[in-house]
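Next come the chains, spelled out residue by residue.
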Amino acid sequence: METAGAYESQMPQHNTTTAIKELDDGVIFNNAPPRTLHTRDIVAAGFNICNSWGGVAATLFLGIIAGGPVTIIYGIIVSTVMVGCCVLSAAELAARYATAGGQYHWTWLLAPEKAKRGMVGVRFGLVISMGPLTERELQSYTVGIINIFAWLATSAAVCAILPSIILGLVRHWNPAYMSPRWQAFLIYQASNIAVLIYNIGILRRAGCTHDIGMALSLLMMLTYFITCLARASPKLSSSFVWTVFVNEGTGWSNGIVFLTGLVNPNFGFVGIDGAIHLAEDAKNAATAVPWALVATVVIGFITAFPFVVAMFYCISDAKSVLASPVPIFEIWRQAVRSDSGATTMTALFVLTGYFSLNASQQTASRLTWSFARDRGLVFSGAIGVIHPALGVPVWALIANAFVVFIMGCVHLGSTSAFNAIVATAVILMHITFAITAGLKMLRRRAQHFLPEKKSGWSWNFGKAGWLFDSITVAWGFITLIFYCFPTSNPTTGSSANYAAAVLAVMTLFAVINWFSYAKKHYDGPRVNLERFGDTTGPQ
């Protein structure tokens, strides 16, 4: 294929000793992971990361207080359309440049090469630089660090959801019990470390893990859907399910409440780019990755939308659901009319969370490994290496788990601050999509950046691609603005949204990494553009 040679030398002299080996669908470094994942495995991994019906169910508390059923039900439709456009925009590039770096590789390929000297302005709050460098390198570094932060926040979010559900069950069975925050911290860290060990020593040899996780999740969704509808009595009216909008004491208009509440259904698609970063683990990645992206969105909607609608019909006491620390448990309890039954359902539901965390850690490590391989991170010499015996980026996994550990300490100190970290996972993911889509339009969607048009199905969407790219950019701005809004107006300390503060802290780490290491060593992805065609194009 014409992607062969993609990782040949157009790299700094200190990297020229890196060997490469040819594969059927491209070229990878000799320290890349073995290509063992088939299309089915990539789809399963992508689904497990998002687990859309589970993601929406686990974060219902975000949507219930910000619009209620209307926000969640119609928000799933809105999120599916918006994320679908993001995925189709990304699929064009994934079909041509199937690399673990994904968005930051594409940014470097698409960004203009105008020289920048002196101070370079902050882009999305993540990079400030002094001295000579090209806009291409700056934008690529920016997107790479944004994407890494997005995946670290995603992994941390899953780690945090697990103890909140587990301890919520404890409080239901023992209402007098007030769990100290350190217990949630211990469950969080135990989950983080256990899945890290599994990723390092077992996952590569347990290829069916993602398939089992996906099958279990789909079976549970179908079982819960049928059981709850069959057992629930009485059921809520259709007028309540489809028309009730909850906006009590927020101080915001219904429109703003709806947009801020979309973070709940949008979370059902967080990590949707997972398949992209598993490209170098995949066989026939140029075909498998785009189809996995689309399949994850389609399966996500098919499972999440009917599930959520059915669950709202099964509510018999809406006030109890609003007051519950785990709303989905209370809905199941009302539906099956059994505390024990709802507890069993919730325990199995938690199990799917561990499959999600496992896939998230794996995917995040491949992105971190790729960025370190391109010398974008401090300690790149260790982080950017695949362990020869285990076949996984051990130090990338450990580095990511350490950062997630630190985020757990934030959770120990402040629930509000940690909720902001969760929100940034969605925001930053969409920013990376928006930047690459915007650069495609800046380059006027030149044909040499896109897959070859073929008779029959092609991942080159032609004129329709302009629509997908435009919506992707617009949605990136919407999430950046409205997912940072506080929950009430006027704002108090408890209702404040600390997403902007979290972004500022991430900016600080990005700047420190740049000045301490990346500024001297990061020269962009190791990509030979001659093998992809002319990329000079209009500036």
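Residues numbered from 1 in each chain as written. Predicted model: local features only at pLDDT ≥ 70, side-chain atom pairs only at ≥ 80, totals over all residues. Heavy atoms only, no water.

1. As for the overall build of the protein chain
Now for step 1: On a plain count of helices and strands, the protein chain comes out with 21 helices and four strands.
Now for step 2: The contacts in the protein chain between residues at least 6 apart in sequence include a share of 79% that link residues at least 24 apart.
Now for step 3: Looking at the protein chain as shown, the accessible area adds up to about 20,000 Å², and 67% of this sits on carbon and sulfur atoms. (Helix = DSSP H or I, 4+ residues; strand = E, 2+ residues; numbered from the N terminus. Contact = heavy atoms within 4.5 Å. Areas by Shrake-Rupley, 256 points an atom, 1.4 Å probe, with all protein chains shown as cover.)

2. Description of the pattern of salt bridges
Now for step 1: Inspection of every chain in the model, using the stated rule, returns 11 salt bridges.
Now for step 2: Between Glu330 and Arg333 there is a salt bridge whose closest N-O contact spans 2.8 Å. Taken together, the positions of Glu330 and Arg333, both in helix H15 (residues 327-336) and three residues apart, correspond to about one turn of that helix.
Now for step 3: By relative accessible area, Arg333 is classed as partly exposed at 26%. (Salt bridge = Lys/Arg side-chain N within 4 Å of Asp/Glu carboxyl O. Buried < 20%, exposed > 50% of the residue type's maximum accessible area, 1.4 Å probe, protein only.)

3. Some remarks on the packing of aromatic side chains
Now for step 1: Scanning all chains against the criterion turns up 19 aromatic pairs.
Now for step 2: An aromatic cluster is present here, built from Trp53, Tyr224, Phe307, Trp332 and Phe349 joined pairwise through their rings.
Now for step 3: Directly above the ring of Trp369 sits Arg373, whose terminal nitrogen or CZ lies 4.5 Å from the centroid. (Phe/Tyr/Trp six-rings, centres within 6.5 Å; stacked < 30°, edge-to-face > 60°. Lys NZ or Arg CZ within 6 Å of the ring centre and 35° of its normal.)

4. Quick word on the packing of helix H8 (residues 209-231) against helix H16 (residues 339-373)
Relative placement of two packed helices is described by the angle separating their axes and the distance separating the axes.
Now for step 1: Packing of H8 against H16 brings their axes to within 10 Å, and their N-to-C directions diverge by 150 degrees. Of the possible angle classes, the one that applies to H8 and H16 is roughly antiparallel. Both H8 and H16 take part in a crossing whose hand is left-handed. Counted together, Thr209, His210, Ile212, Gly213, Leu216, Ser217, Met220, Tyr224 and Cys228 of H8 and Thr344, Met345, Leu348, Phe349, Leu351, Thr352, Phe355, Asn358, Ala359 and Gln362 of H16 form the full contact between these two elements.
Now for step 2: Partitioned by chemical class, the residues of the contact of H8 with H16 number 11 nonpolar, eight polar and no charged. (Axes fitted to C-alpha atoms, helices over the stretch in contact; angles between N-to-C directions. Parallel < 35°, antiparallel > 145°, perpendicular 65-115°, else oblique. Left-handed = near helix turned anticlockwise from the far one by under 90°. Nonpolar A, V, L, I, M, F, W, Y, C, P; charged D, E, K, R; others polar.)

5. Points about the environment of Met506
Now for step 1: Position of Met506 relative to the elements: it lies in helix H21 (residues 499-521).
Now for step 2: The class of Met506 is buried, set by a relative accessible area of 5%.
Now for step 3: Counting along the chain gives 361 residues from Met506 to Ile145, while the straight-line C-alpha distance between them is 9.1 Å.

6. Focus: helix H20 (residues 464-482)
What sets the pattern is the α-helix's 3.6 residues per turn: residues three or four places apart point alike.
Now for step 1: With 19 residues, H20 extends 27 Å from end C-alpha to end C-alpha; this agrees with the ideal 27 Å at 1.5 Å per step.
Now for step 2: Among the residues making up H20, those that are buried are Gly465, Phe468, Asp469, Thr472, Val473, Trp475, Gly476, Thr479 and Phe482. (Expected span 1.5 Å × (residues − 1).)

7. Some details on the nonpolar core
Now for step 1: One finds Trp53, Ile272, Phe307, Ile328 and Trp332 to be the most contacted residues of the largest nonpolar core, which totals 146 residues.
Now for step 2: If near-sequence neighbours (up to four positions away) are discounted, Ile272 is found in contact with Cys50, Val83, Val87, Leu293, Thr296, Val297, Met429 and Phe433.
Now for step 3: Formed by six residues, the second largest nonpolar core is a distinct cluster that contains Leu196, Ile200, Val394 and Leu397. (Core = buried A, V, L, I, M, F, W, Y, C linked by side-chain atoms within 4.5 Å.)

8. Focus on the packing of helix H6 (residues 135-173) against H16
Now for step 1: Relative orientation of the contacting elements H6 and H16 amounts to 160 degrees, with a least axis distance of 10 Å. Classified by the angle between their axes, H6 and H16 sit roughly antiparallel to one another. As H6 packs across H16, the resulting crossing turns out to be left-handed.

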